[in-house]
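In case you want the letters, here they are:
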Amino acid sequence: MAHHLSSSFSRSAATSASKTLKLIPSSTSVLFHAFSTTTTTPISDPSPPESESESTSPSDPAGSNPGPSPPKRPHRRERSSSDPEPLHETICYMMSRRPWTTRLQNSIRSLAPHFDQSLVLGVLRGARDPDHALRFFRWVEKTGFRHDQSTYGEIVGVLTRNSMINHARCIVLDDMPKRLVERDEAMLVALLDAYGRAGIPQEVVKLFRRMPELGVERTVRSYDAFFKAILRGGRVPMAKRVFNSMLREGVTPELSTYNALIWGFCLSIKMESASRFFADMKERGIAPDVVTYNTLLNGWARAKKMEDAEKMFDEMAASGFEPNSITYNIMIKGYVSEGKVEDALRLFGEMGQKGLRLSEKTFAALMPGLCDDVGRTLEAKKILSEMAERRLTPKDKSVFLRLVSALCKSDDLDGAVEVHKKMAQFKHVVVDPMQYGVLIESLCRGKKYDSAVQMLDELLEKGTMLLPQSPPLEASAYNPMIEYLSSSGDTKKAETFFRQLMKKGVDDKVAFNNLIRGHAKEGLPESALEILNIMNRRGVPTDADCYELLVTCYLKKGEPADARTALDSMMEQGHIPSSSLFRSVMVALFDDGRVQTASRVMKSMIEKGVKENMDMVHKILEALFMRGHVEEALGRINLMTNNDCFPDFDKLLATLCENGRAMEAQNLVDFGLERDYDISFSSYDRVLDALYTEGKTLPAYSILCKIKAKGGVVDKKGCDALINSLNAEGNTKQADILSRILAGKAPLTPKKGKLVARDAY
């Protein structure tokens, strides 16, 4: 019952698939064609010649394509009930839409209980993926079908065309002998060609030598495939040896043989060898064809010997062969490569007069010569317009960049912008980011900033610059743009632009500093500080004026604490702020009531050797004393004196005494006496009076003792009054010492003198 359900389900799925296929509209085949492409070989590696009818590739000036052409895939189309879809197309469609599972195999089996040769060949030829074809080839054998030479040949062709060489090799060398199926030359030729295209010449040589052992006779077809394969790798001496061996074995070379050899010699720019074989083929009575002449023309052009190419061109015409479009394309490209643009234009005109088709290859050959010449930009623009009218897209997209660059060099900026906009008329053309760079740089240099900004907007919108394969713009392109945006109030856009550059590894000091200036001028210190932090993390040098702008910006916003932080960061980076910047920060902090913070800025200023702003320094010192930060104030004074910067002690003492800060004044006097600072005696008297007034007799006694020890003169009446006060307060010991000092009966510096003075505190 399970088997019955499985079979029933498979038939149902197959029927459903068949019904679905019949509903596909006729547009399906159109879409399939729209997405099909033709692979071409790079110009530096032209394909080996076959025949003139195949001369369609720009990379094959001789007019040829390597190897056998793959069969066209059948396209699904709407059919009437009287014209049912071929079974092999249905199977190919099912394989392309569903994974290769047992369920799919059962569905195929329900559609085709028995497989014949024509059905298997149809599926192999119509499979849309080579892996599907290989899976079907392996599976169909399990249904009882026996492969023969034709089906083996078909799968080998599919695999070799799609570079699945190992699978093809196993089928030819292992599977076929086991199933007693004879190999034919076409299979081995396909393998030789595949190994050659894959760049594995050693396998080409091994397989070619094994052909007799494998029971396959080597004919001209095998030799042709061998020559093409090894000459792709430049093995010219080996090709010559095998050619001689070919003659000894009695295999007569044909036109295709000479075409293959000449192609290989031209590929390696061995033009002497190519010329000798060209002469040899004519001696043997083998007439060259258009492919032969085109191949030799391409070789001389690639060797940059246009005089020899011209001789060959004339010989071709004399031999009765009319030069075709490929011939002219080769000659035009050769003239352009040697800088003979006039000759290239002459041939371009001849093509039009003779009614030859102007293809994309024709324009691609001519355009570089026009684009790289500043004096021919007008002609280049005309040619480009003609390409747009003919809807021909250049395969070499660099012509746009080269033309735009030439127009910018000739100061035709409007023309450069026009060419840039015209690119939208060509299909599948992505603007090179370097082209944006050239335009932006040139427009900025020409003071056309509005157009430059438009280019930048387009670049940012498309995101072209972020593509992995896109190189970063040059500094000469982005720095003028960033500077303009930052100075014109659009720093945000400038930063967006530069952040994309940073993702490409750009760490430009000039750009960073311009962004900081821009943010600071726009009153956005936080954004400027963020850029500064990025610079510091990346080790990018900073400019002092950027920090000054940042500090000033914080001050304008009324944020002195942040200004002080930015100032510290500036000094950490090795920049010395100006005296005016120090003053601005100290004033802002002082006015904001941040006296101690202002004191720390003052300390940094003095340490940096800045000796201006002494009026502000005195204000800060006075405020420190007035607020009771005596130790900090004395430390700042000590720092000043160590740096040869002396405060006005008399002014400080007068201010303290006037404001009732006798004890702070006494500390300052002690500090000055210990270090022999220049303090006037009137200041001492003022401090003593302040201490008397506040009843601070012991501190006054200490100061008097120190003054006498320094040899100072004291007021006799004041001293008598102080002695009386000391006695009255019970400090008789201090009163007695002072009396004896005044009478000259006690030493001025007794051993315990300092202890006596210290006891007074």
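Fair warning: this is a prediction, and the values are worked out from it, not measured in the lab. (Residues numbered from 1 in each chain as written. Predicted model: local features only at pLDDT ≥ 70, side-chain atom pairs only at ≥ 80, totals over all residues. Heavy atoms only, no water.)

## Points about the overall build of the chain
In terms of regular secondary structure, the chain is built from 41 helices and 0 strands. Buried residues in the chain amount to 50% of all 761 residues. The long-range fraction of contacts in the chain, counting pairs at least 24 apart against all pairs at least 6 apart in sequence, stands at 62%. For the chain, the exposed area adds up to about 36700 Å²; of that, 49% sits on carbon and sulfur atoms. (Helix = DSSP H or I, 4+ residues; strand = E, 2+ residues; numbered from the N terminus. Buried < 20%, exposed > 50% of the residue type's maximum accessible area, 1.4 Å probe, protein only. Contact = heavy atoms within 4.5 Å. Areas by Shrake-Rupley, 256 points an atom, 1.4 Å probe, with all protein chains shown as cover.)

## Focus: the packing of helix α24 (residues 449–462) against helix α25 (residues 475–487)
Direction vectors running N to C along α24 and α25 enclose 110 degrees, while the axes themselves pass 11 Å from each other. Here α25 runs roughly perpendicular to α24, going by the angle between their axes. Taking contact as the criterion, the partners of Y449, D450, A452, V453 and L456 in α24 are, on α25, M481, Y484 and L485. For the contact of α24 with α25, the residue count by class is 7 nonpolar, no polar and 1 charged. (Axes fitted to C-alpha atoms, helices over the stretch in contact; angles between N-to-C directions. Parallel < 35°, antiparallel > 145°, perpendicular 65-115°, else oblique. Nonpolar A, V, L, I, M, F, W, Y, C, P; charged D, E, K, R; others polar.)

## Digging into the pattern of salt bridges
Side-chain pairing between opposite charges can occur once the charged atoms of the two side chains come close. One pass over the full model with this rule turns up 40 salt bridges. Between R564 and D568 there is a salt bridge; the shortest N-O distance is 3.0 Å. Here R564 and its partner D568 are both found in helix α30 (residues 560–572), 4 residues apart, which amounts to about one turn of the helix. Between R594 and D592 there is a salt bridge; the shortest N-O distance is 2.7 Å. On the basis of relative accessibility, which here comes to 37%, the residue R594 falls in the partly exposed class. Given the relative accessible area of 43%, D592 is considered partly exposed. (Salt bridge = Lys/Arg side-chain N within 4 Å of Asp/Glu carboxyl O.)

## Brief notes about the nonpolar core
Among the nonpolar cores identified, the biggest contains 222 residues, and F115, F136, F227, F497 and F498 are the most heavily contacted of them. Once residues lying within four places of it in the same chain are set aside, the contact partners of F115 are I91, I108, R109, V120, F136, W139, V140, T143 and F145. (Core = buried A, V, L, I, M, F, W, Y, C linked by side-chain atoms within 4.5 Å.)

## Quick look at the side chain of K381
Position of K381 relative to the elements: it lies in helix α20 (residues 377–390). Assessed through its relative accessible area of 19%, K381 is described here as buried.

## Section: the environment of E631
Within the element layout of this structure, E631 appears in helix α34 (residues 630–642). Put simply, E631 and L668 are 37 residues apart on the chain and 9.9 Å apart in space, counted from C-alpha to C-alpha.

## Brief notes about unusual backbone geometry
Here I269, not a glycine, exhibits a phi torsion of approximately 55 degrees, which is positive. In this fold, I269 is placed in the loop between α13 (255–267) and α14 (271–283). Positive phi outside glycine occurs at R391, with the angle close to 60 degrees. Note on placement: R391 falls in the loop between α20 and α21 (398–409). Residue classification places R391 among the exposed positions, given a relative accessible area of 76%.

## Description of α30
In this model, α30 (13 residues) spans 18 Å end to end at C-alpha, consistent with the 18 Å of a helix rising 1.5 Å per residue. Those residues of α30 not exposed but buried are P560, A563, A566, L567, D568, S569, M570 and M571. Turning to α30, the residues buried within the fold contact α28 (525–538), α29 (544–556), α31 (579–591) and α32 (595–607). At the C-terminal side of α30, G574 shows a positive phi close to 90 degrees. (Expected span 1.5 Å × (residues − 1).)

## A few points about the side chain of D193
Locating D193 in the fold gives a position in helix α9 (residues 185–197). Of the residues examined, D193 reaches a relative accessible area of 8% and is grouped as buried. In this structure the side chain of D193 is engaged in a polar contact, spanning 2.9 Å, whose partner is the side chain of R197. (Polar contact = N/O pair within 3.5 Å; in protein donor to acceptor, adjacent residues only side chain to side chain.)

## Some points on the packing of aromatic side chains
For the coordinates displayed, the defined rule picks out 23 aromatic pairs. Seen in terms of ring centroids, F649 and Y677 are 5.1 Å apart; in terms of plane orientation they differ by 25 degrees. Their pairing is stacked. Of this pair, F649 sits in helix α35 (residues 649–658) while Y677 sits in the loop between α36 (662–674) and α37 (681–693); the two residues are 28 residues apart in sequence, bridging distant segments of the chain. Residue F649 is classed as buried on the basis of its relative accessible area of 4%. Judged by its relative accessible area of 14%, Y677 is buried. (Phe/Tyr/Trp six-rings, centres within 6.5 Å; stacked < 30°, edge-to-face > 60°.)

## What to know about the packing of helix α33 (residues 614–626) against α34
Their axes nearest at 7 Å, the elements α33 and α34 cross at an angle of 150 degrees. Here α33 is positioned roughly antiparallel relative to α34, judged by the angle of their axes. The chirality of how α33 crosses α34 is left-handed. Contacts from M614, V617, L621, L624 and F625 in α33 reach V630, E632, A633, L634, R636, I637 and M640 in α34. Here the residues of the contact of α33 with α34 are counted per class, giving 10 nonpolar, no polar and 2 charged. (Left-handed = near helix turned anticlockwise from the far one by under 90°.)

## Structural notes on α13
With 13 residues, α13 should cover 18 Å at 1.5 Å per step; its first-to-last C-alpha distance of 18 Å lies within 8% of that length. Buried residues dominate α13, accounting for 11 of its 13 residues. Residues of α13 that are buried: T257, Y258, N259, A260, L261, I262, W263, G264, F265, C266 and L267. Structurally, α13 contributes buried residues whose contacts are with α11 (220–231), α12 (236–248), α14 and α15 (290–302). Positive phi shows up at I269, right after α13, with a value of about 55 degrees.

## Re the environment of G144
Checked against the element boundaries, G144 lands in the loop between α6 (130–142) and α7 (149–161). A C-alpha to C-alpha distance of 8.5 Å links G144 and H114, two positions 30 residues apart in sequence.

## Some thoughts on the environment of L378
The topology assignment puts L378 in helix α20. We classify L378 as exposed; its relative accessible area is 54%. Residues L378 and G415, 37 residues apart in the sequence, show an inter-C-alpha distance of 9.0 Å.

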